[in-house]
Amino acid sequence: EAGVTQFPSHSVIEKGQTVTLRCDPISGHDNLYWYRRVMGKEIKFLLHFVKESKQDESGMPNNRFLAERTGGTYSTLKVQPAELEDSGVYFCASSQVGARGRGYTFGSGTRLTVV
Amino acid sequence: DQQVKQNSPSLSVQEGRISILNCDYTNSMFDYFLWYKKYPAEGPTFLISISSIKDKNEDGRFTVFLNKSAKHLSLHIVPSQPGDSAVYFCAASVTSGTYKYIFGTGTRLKVLA
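The structure reproduced in this document is the subject of the present report. All of these numbers come straight from a predicted model, not from anything done at the bench.

Reading the values: rules and limits
Residues numbered from 1 in each chain as written. Chains lettered and ligands numbered in written order. Predicted model: local features only at pLDDT ≥ 70, side-chain atom pairs only at ≥ 80, totals over all residues. Heavy atoms only, no water. Contact = heavy atoms within 4.5 Å. Buried area = accessible area lost by both parts, 1.4 Å probe. Salt bridge = Lys/Arg side-chain N within 4 Å of Asp/Glu carboxyl O. Polar contact = N/O pair within 3.5 Å; in protein donor to acceptor, adjacent residues only side chain to side chain. Helix = DSSP H or I, 4+ residues; strand = E, 2+ residues; numbered from the N terminus. Nonpolar A, V, L, I, M, F, W, Y, C, P; charged D, E, K, R; others polar. 1 Å grid on protein atoms, 1.4 Å probe; cavity = no way out; pocket = protein on both sides within 12 Å on 5 of 7 lines; lining within 4 Å. Points joined across faces, edges and corners; volume = space filled by probe spheres on them. Pairing = 2+ DSSP bridges. Axes fitted to C-alpha atoms, helices over the stretch in contact; angles between N-to-C directions.

Okay, the interface of chain A and chain B next. Taken together, the 22 residues of chain A in the interface contact 24 residues of chain B. Together chain A and chain B conceal approximately 1900 Å² of surface at their shared face, both sides included; 57% is due to carbon and sulfur atoms. Seen at the junction of chain A and chain B, the total is one salt bridge. A salt bridge links Asp-56 of chain A to Lys-100 of chain B, with the shortest nitrogen-to-oxygen separation between them at 3.3 Å. Run the count over chain A and chain B and you get six residue pairs in polar contact (both at pLDDT 80 or more). Of all the elements in the fold, those that place two or more residues in the side of chain A that touches chain B are strand S4 (31-37), strand S5 (43-50) and strand S6 (53-56) of chain A. Of the residues belonging to the side of chain A that touches chain B, the class tally is seven nonpolar, nine polar and six charged.

Structure follows, in structure tokens:
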């Protein structure tokens, strides 16, 4: 089966610009998660979708971040306007409902650099 | 306030020897734990998990031990191989609808040939 796909793999933008990250989960996976890793720190939870609904968005840093999941398929994460501290690697992960035993499947991530 | 801590940023081990990676947690509500492995420029990949009702889980060369009273878990890799060189993340969750995992900062393992 195809894995979790994220693009772009890298993005360099200037402070104040807008960037949109995209994630295509594994087909049939209702759970979709966004995580972020900043400069060698922990992989930090941002939010969780079940199908098209936001189940938990407690990790979203502020209202400059907007996540959507159209029709319960792919998801986008928009940062507007971007700030320097938003730099990091953004990971998307997906899983089937109730499939806890093997954790999530992660994508390769999008490395965002804000200059 | 970090609920999952990996206090060793790096570890070097000779090929064929045992690698022991440690993880401590503070939230006594955590009831499920996982280890992920991450190679450069790739996403983390699932390695092994353990439920809080167990104290040990084994999968080939990988064994995870859980000490609930000490709020400590460890990953043992025996024997270590050069291909095991990667960053290892410990993660924990509370049984709930979200299955949200809280990750540690990772330990970089280098297995020397």
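This part is about the layout of surface pockets. The computed volume of the largest pocket comes to approximately 530 Å³. Residue lining of the largest pocket: 26 residues in total, with Arg-37, Val-89, Phe-91 and Arg-111 of chain A together with Lys-38 of chain B positioned closest to the centre. Breaking the lining of the largest pocket down by element, the ones donating at least two residues are strand S9 (88-95) and strand S11 (110-114) of chain A together with strand S11 (107-112) of chain B. Across the lining of the largest pocket, the residue classes break down as 10 nonpolar, 11 polar and five charged.

Take the sheet that holds strand S7 (residues 65-69) of chain A next. All names here are of chain A. Sheet architecture is open: four strands sit in the order S1-S3-S8-S7, paired in antiparallel fashion. Of all strands in the sheet, those with a lone pairing partner are strand S1 (5-7) and S7, marking the two edges. Looking at each pair of strands side by side, their axes are set apart by 15° on average, direction ignored.

A separate point is the sheet that holds strand S3 (residues 19-25) of chain B. Residues and elements named next belong to chain B. The strand order S1-S3-S8-S7-S6 describes an open sheet built from five strands, whose pairing is antiparallel. Looking at the sheet topology across the chains shown, the edges are occupied by strand S1 (4-5) and strand S6 (56-59). Bridge analysis of S6 against strand S7 (residues 62-67) gives four bridges, and the strand direction is antiparallel. Opposite Lys-56, over in S7, you have Phe-65 as the bridge partner.

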